[in-house]
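# Descriptive analysis of the structure
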Amino acid sequence: MLSLVLWLVQLLLALLFAGVGFVKIFQGYARVRENLRWPEDFSPATVKLIGVLEVLGAAGLVIPEATGMVPVLTPIAASALTVLMALAVLVHVRRGERNRIALGVILMMLSLVVALGRFGVFG
């Protein structure tokens, strides 16, 4: 049962992170900045790098565990996404964007659950 729940959370997170990551990579910087507003504090290269990290994290949530090849990469990817989301929450707090904090915290906590679950903390 735990494995099924972890898989569902992993797939949900992978779809979300891949989606927002590809937007940051392939949409123009001005468009991303217009839609999200926080990128105005970062260079275009940094926003693209964040997108690349999100896409790599999404792949890392699914591929290693699904293929059985170096499955320890799945909780490592989840841990990295946890840190990335903690930093995102800090950016939103600093910018006073209270309406964006909750989603960041939720994604951070779900990533943490996957990391702990795949590291075997839950048994």
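Within every chain, residues take consecutive numbers counted from 1 along the sequence as written. The predicted origin of the model limits local features to residues at a pLDDT of at least 70 and limits the giving and counting of side-chain atom pairs to 80 or more, whereas totals for whole chains, interfaces and linings rest on all residues. Think of the side-chain values as coming from all heavy atoms in the structure, minus any hydrogens and water.

A count of helical and extended segments in the protein gives five helices and zero strands. Strands here mean DSSP runs of E at least two residues long; helices mean DSSP runs of H or I at least four residues long; both are numbered from the N terminus. Across the protein, helices and strands are ordered from the amino to the carboxyl terminus as α-α-α-α-α. C-alpha atoms define the radius of gyration, and 2.2 Å times the number of residues to the power 0.38 defines the globule rule. The C-alpha radius of gyration computed for the protein amounts to 15 Å, which stays within 12% of the reference 14 Å derived for 123 residues, consistent with globular compactness. Considering only C-alpha atoms, the protein reaches an extent of 45 × 25 × 15 Å along its principal axes. A 1.4 Å probe rolled over the protein chains alone gives each residue an accessible area, and that area as a share of the maximum for its type sets the label: buried under 20%, exposed over 50%, partly exposed in between. Of all 123 residues assigned to the protein, the portion counted as buried reaches 36%.

Turning next to helix α3 (residues 44-67). Residue pairs three or four apart in sequence face the same way in an α-helix, which turns once every 3.6 residues. Under the convention used throughout, the expected extent of a helix is 1.5 Å for every residue step, that is, one less than its residue count. Compared with an ideal rise of 1.5 Å per residue, which puts 24 residues at 34 Å, α3 spans 34 Å between its outermost C-alpha atoms and is within 8% of the ideal. We define the bend at each residue as the angle formed by axes fitted to the 7 residues ending at it and the 7 residues starting at it. Approximately 30 degrees is the largest bend angle found in α3, and it occurs at G60, with the proline P64 only one to four residues beyond. Regarding α3, the residues found buried are V47, I50, G51, E54, V55, G57, A58, G60, L61, V62 and P64. In what follows, a contact means two residues having at least one pair of non-hydrogen atoms within 4.5 Å. Lining the buried residues of α3 we find α1 (2-26), α2 (29-36), α4 (73-95) and α5 (98-119). Positive phi appears at G68, one or two residues downstream of α3, with a value of about 75 degrees.

With respect to the element layout, R118 can be found in helix α5. The contacts of R118, once residues within four sequence positions are left out, are S3, L6, W7, Q10, E65, T74 and P75.

Take the pattern of salt bridges next. The salt bridge definition used is simple: a Lys or Arg side-chain nitrogen within 4 Å of an Asp or Glu carboxyl oxygen. Using the criterion set out here, one finds six salt bridges in the structure. The partner of E40 in a salt bridge is R95, and the shortest N-O contact between them spans 3.3 Å. Separated by 55 residues along the polypeptide, E40 in the loop between α2 and α3 and R95 in helix α4 bring together distant segments of the chain. Owing to a relative accessible area of 47%, E40 belongs among the partly exposed residues under this scheme. Taking relative accessible area as the criterion, R95 reaches 21% and is therefore assigned partly exposed. Linking D41 and R94 is a salt bridge whose minimum nitrogen-to-oxygen distance equals 3.4 Å. Of this pair, D41 sits in the loop between α2 and α3 while R94 is found in helix α4, placing the two residues 53 residues apart along the sequence. D41 gets classed as partly exposed once you look at its relative accessible area, which sits at 37%. Among the charged side chains, a network of salt bridges with common partners joins E40, D41, R94, R95 and E97.

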